[in-house]
Amino acid sequence: MSPTSVRELLSFIGNPAIVVERDGTITYRNKPAEQLFGNSMLLHRRLGDMLAHGEKKAFLLAVENAQELGAETHGEQSVLLHGCRWDVRALCVDDQIALLLHSAEAKQPDPDAPLEAAAADALLKTIVDSAADLIFVKDMAGRFLLTNQALRDAAPDLLGKTVFEEYETDLAQGYDAADQAVMSTGQSCTIEETIPVRGERRLFQTIKVPWIVSGEMRGVIGISRDITERHRAEALIRESEERYRLAARATNEAIWDWDLVADEVSWNEAIERLAGEKPDRSGLWWKARIDPADRERVLDSIAQFIRGELTTWQCEYGFRHADGTFHAVFDRGFLVRNESGEAVRMIGAMSDLSERMKAQNRVVQLQSELIHVSRVSAMGTIASALAHEINQPLASASNFVAGARRLLVRSDREVIAKAREAIDLAASEVSRAGEIVRRIRRMVAHGETQDQPVPLRALIDDALALALPNSALSGVTVRLGARRGVARGDSVQLQQVLVNLIRNSVEAMETASQRVLTLSTAHGGGHVRIDVQDTGCGIPPDRIGTVFTAFGSSKAGGLGVGLTICRTIVEAHGGRIWVERSDSQGTMIAVQLPAHANPAAK
């Protein structure tokens, strides 16, 4: 029933009538109400503000009862107005409440009274039938005396019957037990019960009140509201909240909800583990525990985030534990704004990064140690070649010095010039031996990884000098392609990669008829690439996919860690290494590394 229809009916009633919203705001008054209250009853003002203190209580109690029961209050409220006593009856009409005033004083017979009574009865019936809730009245024997249209549509014809005649025994017993409790105690009750509606069992919330006339118990009045969907929604919410709670516990993150207006923060229990104490709801508690070195930066970032248009915020900072230590945390959240666009809440999660950072540092340490072991191991493998290469310049230097000594016995100028030349050659050979030793020391040195420009030409030349100091002696032909470009990383570690790849290529060509080692480079797209190609026997097809994994060597006596270490070094530099080609004609290994951002480098 529309509000307009209600007002039209009320306009025909001779008694005062007022319509209010559920919050008490007056939306309509008929002419008798205007005459009774005069200009004091203003539209769009609250009912409680328009009444004197003594009148207010009865009206507001009638409204409260109507909201609770959804039906009339049976005239139990009365109020004294202008020397006359009036009964106040309140009726719910959709989202509004109609207040009907009935004079309780004796009156002279009014010829229009039957018309007024009929109009009031019609209004009551219309209001009851327009309600979406199920409304019924039962007598003391449990027989239905009244049912509204909603109940007649939802259930079989109940008038004159009891619940035992139309419903299953278990349901009927529950309905009847609640009725008997209301009638025996005279107290209303609110219960949840299952009611069949067009073949489907649905959940209803039912309010039952005693039906009392002139102090005599007549039966029960009931109003049932379908709460099936609400109950399902609440169950889904509980399930969602439980999943959220379990997820929060599983991640061990401190979940927070910050009321920006009140500057209060709600935390889950994980914050107690991270902070070492129970938190205070005040936002000052969190702010005071930010590392002083980070506090200004963090608070400024939040202020800028709130003023901006982004919806998510994240920041890393130090967070003080109760024992005085600071934990590294990663904090992030999203913003909630009201209808006016004002920031009112932030919701987010704080993660403790301390253990993760310790684990990462340990991995870096182990990686460094593994690379160091690899260098030392590599030195053992090429020790004999290096010994020969060092002995050769030392022997040459010794011969030059001996010859110079013999020449110096003679005193002519020509001899002295030859002796000086021999000494210069000896010095050059000694310098060559010293350079070899220095390279070995740099390679074996256990130092921190450096991020610096690494020219590919120097990198390849140094690696060849270490891995293949005398190509003619080893019978290997070395072909060098373009060696342009500059990589970014640690020159010693990258040198170790190339030394290992060159040694593997030389070993793979031990039985080959042609022994050719080719090294070339390429650059572009922010990367540089080094190709190491040999004419050896190739890698067995079933082992190509495992050569870079631990103990995946393709060599009969190989340990299987050399290429694994190469992959570790390359990936630590942000690059990658792979087998570009391998067959009976040889193998090509490709190494891709980040290029150094220096366009002038060659």
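Everything that follows concerns the structure shown earlier in this document.
A. Region of the structure containing the overall build of the chain. When helices and strands are counted, the chain shows 19 helices and 22 strands. Sorting the 602 residues of the chain into buried and exposed places 39% on the buried side. Considering only residue pairs separated by 6 or more positions, the chain has 51% of its internal contacts joining residues 24 or more positions apart. Accessible surface, the chain as shown: approximately 33,000 Å² in total, 52% of it carbon and sulfur.

B. Summary view of helix H19 (residues 562-572). Those residues of H19 that sit buried are Leu563, Thr564, Ile565, Cys566, Thr568, Ile569 and Val570. Glycine 574, located one to two residues past H19, shows a positive phi value of around 80 degrees.

C. View of the packing of helix H18 (residues 491-508) against H19. The contact between H18 and H19 brings their axes to 9 Å, and the two run at 150 degrees. Between H18 and H19, the angle falls in the class roughly antiparallel. For H18 against H19, the interelement crossing comes out left-handed. In this structure, H18 contributes Gln493, Gln496, Val497, Asn500, Leu501 and Asn504 to the contact, and H19 contributes Gly562, Leu563, Cys566, Ile569 and Val570. Partitioned by chemical class, the residues of the contact of H18 with H19 number 6 nonpolar, 5 polar and no charged.

D. Just the packing of aromatic side chains, in detail. Taken as a whole and assessed by the stated rule, the structure comprises 5 aromatic pairs. Seen from their ring centres, phenylalanine 136 and phenylalanine 144 are 5.8 Å apart, and the 70 degrees between their planes marks the pair as edge-to-face. With relative accessibility at 5%, the residue phenylalanine 144 sits in the buried group. Here tryptophan 285 and phenylalanine 319 contribute two aromatic rings whose centre-to-centre distance is 6.2 Å and whose plane-to-plane angle is 65 degrees, an arrangement assigned as edge-to-face. In this pair, tryptophan 285 sits in helix H11 (residues 283-288) while phenylalanine 319 sits in strand S13 (residues 312-320), placing the two residues 34 residues apart along the sequence. Taken together through their ring pairs, the aromatic side chains of Trp267, Trp285 and Phe319 make up a single cluster. The lysine or arginine in question, arginine 576, covers the ring of tryptophan 578, its NZ or CZ lying 3.9 Å from the ring centre.

E. Broad picture of unusual backbone geometry. With a phi close to 50 degrees, arginine 198 is a non-glycine residue in the positive phi region. You can see arginine 198 is positioned in the loop between strand S8 (189-197) and strand S9 (200-213). Phi at aspartate 263 is positive, roughly 55 degrees, even though this residue is not glycine. You can see aspartate 263 is positioned in the loop between strand S11 (254-259) and strand S12 (264-267). Judged by relative accessible area, aspartate 263 falls into the partly exposed class, the value being 23%.

F. View of the sheet that holds S9. The sheet built from 5 strands is open, its strands ordered S7-S6-S10-S9-S8 with antiparallel pairing. Two strands close off the open sheet at either side, each with one partner strand: strand S7 (144-147) and S8. Geometrically, the sheet is characterised by an average inter-axis angle of 30 degrees between neighbouring strands, direction not taken into account. Strand direction decides the pairing type here: S9 and strand S10 (residues 216-226), joined by 10 bridges, are antiparallel.

G. Structural detail: the side chain of aspartate 294. Among the secondary structure elements, aspartate 294 is positioned in helix H12 (residues 292-307). When its relative accessible area of 15% is taken as the criterion, aspartate 294 is described as buried. Dropping the residues within four chain positions of it, aspartate 294 is found in contact with Tyr317 and Gly318.

H. Representation of the pattern of salt bridges within the structure. Throughout the structure, instances matching the rule amount to 26 salt bridges. Between arginine 46 and aspartate 23 there is a salt bridge, and its shortest N-O distance comes to 3.9 Å. One end of the pair, arginine 46, is in the loop between helix H2 (31-37) and helix H3 (47-50); the other, aspartate 23, is in the loop between strand S1 (17-21) and strand S2 (26-29), and 23 residues separate them in sequence. A relative accessible area of 41% places arginine 46 in the partly exposed class. Residue aspartate 23 is classed as partly exposed on the basis of its relative accessible area of 44%. Arginine 581 serves as the salt-bridge partner of aspartate 583, at 3.4 Å between the closest nitrogen and oxygen. Judged by relative accessible area, which is 33%, aspartate 583 ranks as partly exposed. For arginine 581, a relative accessible area of 27% gives the class partly exposed. A single network of salt bridges, built from pairs that share partners, joins Glu200, Arg202, Asp226, Glu229 and Arg232.

I. The arrangement of the sheet that holds strand S21 (residues 576-583) in detail. The strand order across the open sheet built from 5 strands is S17-S19-S20-S22-S21, with neighbouring strands paired in mixed fashion. This sheet does not close on itself; its edge strands, each paired only once, are strand S17 (477-480) and S21. Neighbouring strand axes in the sheet, compared pairwise and without regard to direction, differ in orientation by 15 degrees on average. Pairing of strand S19 (residues 516-524) with strand S20 (residues 527-533) involves 7 bridges; the strand directions are antiparallel. Bridge pairing in S20 places threonine 518 opposite glutamine 533.

J. Representation of helix H8 (residues 169-185) within the structure. In this model H8 runs 24 Å from its N-terminal to its C-terminal C-alpha over 17 residues, within 8% of the 24 Å that 1.5 Å per residue would give. The elements touched by buried residues of H8 are strand S6 (134-139), helix H7 (163-166), S8, S9 and S10. One or two positions beyond H8, positive phi appears at glycine 186, with a value near 75 degrees.

K. Representation of the nonpolar core within the structure. Counting residues in each nonpolar core, the largest one holds 37 residues, and the members touching the most others are Leu501, Ile502, Leu517 and Ile577. Elements supplying a minimum of two residues to this core: helix H16 (456-467), H18, S19, S20, H19, S21 and strand S22 (586-594). In contact with isoleucine 577, other than residues within four places in its own chain, are Leu501, Phe548, Cys566, Arg567, Val570, Ile589, Ala590 and Val591. If you look at the next biggest cluster of nonpolar residues, it comprises 24 residues, including Leu36, Met50, Ile97 and Leu101.

What counts, and at which threshold
- Residues numbered from 1 in each chain as written.
- Predicted model: local features only at pLDDT ≥ 70, side-chain atom pairs only at ≥ 80, totals over all residues.
- Heavy atoms only, no water.
- Helix = DSSP H or I, 4+ residues; strand = E, 2+ residues; numbered from the N terminus.
- Buried < 20%, exposed > 50% of the residue type's maximum accessible area, 1.4 Å probe, protein only.
- Contact = heavy atoms within 4.5 Å.
- Areas by Shrake-Rupley, 256 points an atom, 1.4 Å probe, with all protein chains shown as cover.
- Axes fitted to C-alpha atoms, helices over the stretch in contact; angles between N-to-C directions.
- Parallel < 35°, antiparallel > 145°, perpendicular 65-115°, else oblique.
- Left-handed = near helix turned anticlockwise from the far one by under 90°.
- Nonpolar A, V, L, I, M, F, W, Y, C, P; charged D, E, K, R; others polar.
- Phe/Tyr/Trp six-rings, centres within 6.5 Å; stacked < 30°, edge-to-face > 60°.
- Lys NZ or Arg CZ within 6 Å of the ring centre and 35° of its normal.
- Pairing = 2+ DSSP bridges.
- Salt bridge = Lys/Arg side-chain N within 4 Å of Asp/Glu carboxyl O.
- Expected span 1.5 Å × (residues − 1).
- Core = buried A, V, L, I, M, F, W, Y, C linked by side-chain atoms within 4.5 Å.

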